[in-house]
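# Descriptive analysis of the structure
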Amino acid sequence: MQRILILGGGVGGTLTANLLVRKLRRQLKAGEVAITVVDQTGQHTYQPGFMYIAMGGERADKLQRPERGLLDSRVNLVVGQVEKVDEPTRIVHLKDGERLGYDYLVLATGSRILPEAIEHFDTEAQHFYTAEAALKLRKALDGFKGGRIVVAIAGMPYKCPPAPLEVSFLIEAELRQRGLRQASEVHFCSPIGRAFTIESVSEMATPIFEQKGIELHTFFNVETVDAERHVIGSLEGEELPYDLLILVPPHKGQQFLIDSGLAPAPGGWLPTDRATLQVGGRPNMFALGDATDLPLSKAGSTAHFEAPVVTERIVAAIEGREPDHKHGDYLGKVMCFFEIGDGKGTLLQFDYEHPPRPPKPNQVWHLGKIVFNKTYWHTVPKGRV
Ligand SMILES: Cc1cc2nc3c(=O)[nH]c(=O)nc-3n(C[C@H](O)[C@H](O)[C@H](O)COP(=O)(O)OP(=O)(O)OC[C@H]3O[C@@H](n4cnc5c(N)ncnc54)[C@H](O)[C@@H]3O)c2cc1C
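All of the points below concern the structure found in this document.

Analysis parameters
- Residues numbered from 1 in each chain as written.
- Predicted model: local features only at pLDDT ≥ 70, side-chain atom pairs only at ≥ 80, totals over all residues.
- Helix = DSSP H or I, 4+ residues; strand = E, 2+ residues; numbered from the N terminus.
- Rg over C-alpha atoms; globule rule 2.2 N^0.38 Å.
- Buried ≥ 20, exposed ≤ 12 C-beta atoms within 10 Å, placed from the backbone.
- Contact = placed C-beta atoms within 7 Å.
- Core = buried A, V, L, I, M, F, W, Y, C linked by C-beta atoms within 7 Å.
- Domains from an automatic or database assignment.
- Pairing = 2+ DSSP bridges.
- Axes fitted to C-alpha atoms, helices over the stretch in contact; angles between N-to-C directions.
- Near = placed C-beta within 6 Å.
- Nonpolar A, V, L, I, M, F, W, Y, C, P; charged D, E, K, R; others polar.

Now for the overall build of the protein chain. Broken down by element type, the protein chain carries 11 helices and 22 strands. What you see for the protein chain is a C-alpha radius of gyration of 21 Å, in line with the 21 Å of a compact globule of 385 residues. With the C-alpha coordinates of the protein chain rotated into their principal frame, the extents come out at 70 × 40 × 35 Å. Classification of the 385 residues of the protein chain by burial places 46% in the buried group. Partitioning the contacts of the protein chain with sequence separation of at least 6, the portion at a separation of at least 24 is 63%.

Shown next, in the form of structure tokens:
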């Protein structure tokens with residue numbers, strides 16, 4: 001019996017499990033293979049919806065579903081928190097004492113946010129990286145009567161790189177609609193020397209910042225929050241006052257990956273081969289989604305396009321053949337809708353070799369994002385797109 005153990009029941013873990021079932025149907029029926037997903041919550045959360053709790057009337061209860069209902073019935077689900085991976089014995093230890101052996105291990109445990117790493121974050125800053133925080137931000141925006149809104153980033157990498165730009169654009173549009181634009185300033189602080197990491201996206205976004213009158217600050221990596229003066233300080237030595245601060249919290253990989261010696265401290269990102277998705281050259285260990293150290297967007301769509309590669313590589317190993325050419329290597333494909341505000345959006349589609357060439361913002365791509373959000377439960381986790 002070959003045991004495939006998938007840690008994490010988010011986008012990457014769920015999709016990989018369901019794709020594996022499709023390709024290993026015969027072996028599963030014959031009892032030659034077992035597929036198990038371990039997740040600490042047993043719930044699957046659609047995180048892109050958090051932005052719409054803050055910006056568009058979305059409800060938290062619509063963004064979470066029991067993991068069991070999304071997994072094929074032939075996949076075992078264990079609800080529990082992973083504490084350690086013991087490589088020599090190939091055993092995963094859970095917090096409640098349960099131990100799970102594996103022949104193939106898939107690491108899809110995402111990223112974690114650490115607002116507490118910045119002093120005064122909890123009392124001074126808003127964010128939208130959890131449902132609760134997004135609701136709190138919505139309330140702060142509802143109570144906003146004018147002043148200076150600062151959107152900034154407290155550390156790279158972070159999930160969904162376009163999200164803080166989208167939030168800046170959406171807030172600017174909302175202020176206009178509420179008649180508060182004249183009484184307000186919107187500032188966006190980019191940690192690098194341009195608006196966005198990818199040059200072609202930066203070229204698209206910079207004139208939009210200008211048209212909307214949003215002030216762009218470059219090389220501004222937030223390091224401190226001065227709660228008395230309501231001022232943020234950057235690593236680069238600049239200061240910027242705010243009335244309402246929206247700060248993307250620092251992100252890291254899961255602590256147990258560091259504790260198990262699989263990922264280096266302090267980041268905890270798994271050293272992952274850009275094509276095979278193997279972890280540190282191990283033939284039986286794969287990573288996908290936010291957990292990897294790949295220099296790509298930490299996005300659900302990245303996990304979505306990586307899952308078929310992990311699947312094909314495990315199936316090929318079990319069947320004793322070479323991975324097929326079409327699905328055996330990840331080519332860096334990512335696809336993200338990008339909100340511009342005023343009912344418009346664009347699309348970022350790229351891979352390792354081809355940078356994005358975002359189309360002129362229009363209503364179609366905004367609607368595309370809304371439709372994708374609504375249909376997510378029936379499509380991505382089940383492997384239908
Ligand atoms: C506000 C916001 C907007 C976003 N917008 C977009 C977007 O427009 N497009 C896009 O593509 N992506 C977007 N994303 C990013 C996307 O949600 C993530 O990149 C994606 O969820 C990553 O998938 P994953 O499978 O790697 O991790 P996750 O989906 O985070 O799943 C990880 C799972 O691992 C489990 N886990 C973690 N540690 C343990 C442990 N120790 N033991 C057991 N289980 C554990 C967790 O419970 C979780 O279920 C957005 C994210 C946010 C926060």
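Quick look at the nonpolar core now. Ranked by size, the top nonpolar core spans 63 residues in total, and within it F128, A152 and L247 carry the most contacts. Both of domain 1 (2–111 + 253–319) and domain 2 (115–247) provide at least three residues apiece to this core. When sequence neighbours within four positions are dropped, the list of residues in contact with F128 reads F50, M51, A54, A133, A134, L137 and V167.

Glancing now at the sheet that holds strand 15 (residues 222–226). The strand order across the open sheet built from three strands is 15-16-17, with neighbouring strands paired in antiparallel fashion. Because the sheet does not close on itself, it has two edges, and the strands there are strand 15 and strand 17 (239–241). On average, adjacent strands in this sheet sit at an angle of 25 degrees to one another, irrespective of strand direction. Direction of pairing for strand 15 relative to strand 16 (residues 231–234): antiparallel, over a ladder of four bridges. Along strand 16, the bridge assignment pairs T224 with G233.

Looking now at the site of the ligand. Around the ligand there are 36 residues in total, and G8, G10, G12, G110 and G289 lie nearest to it. Contributing elements (two or more residues each) for the shell around the ligand: helix 1 (11–23), strand 2 (33–39), helix 3 (49–55) and helix 10 (300–319). Here the shell around the ligand is composed, by residue class, of 17 nonpolar, 15 polar and four charged. Each of two domains, domain 1 (2–111 + 253–319) and domain 2 (115–247), supplies a minimum of three residues to the shell around the ligand.

Moving on: the sheet that holds strand 8 (residues 99–101). Judged by pairing direction, the sheet is antiparallel, and its three strands sit side by side in the order 6-7-8 without closing on themselves. Because the sheet does not close on itself, it has two edges, and the strands there are strand 6 (82–86) and strand 8. In this sheet, neighbouring strand axes are inclined to one another by 20 degrees on average, regardless of whether the strands run parallel or antiparallel. Across four bridges, the pairing between strand 6 and strand 7 (residues 91–94) is antiparallel. Of the residues in strand 7, the one forming a bridge with K84 is H93.

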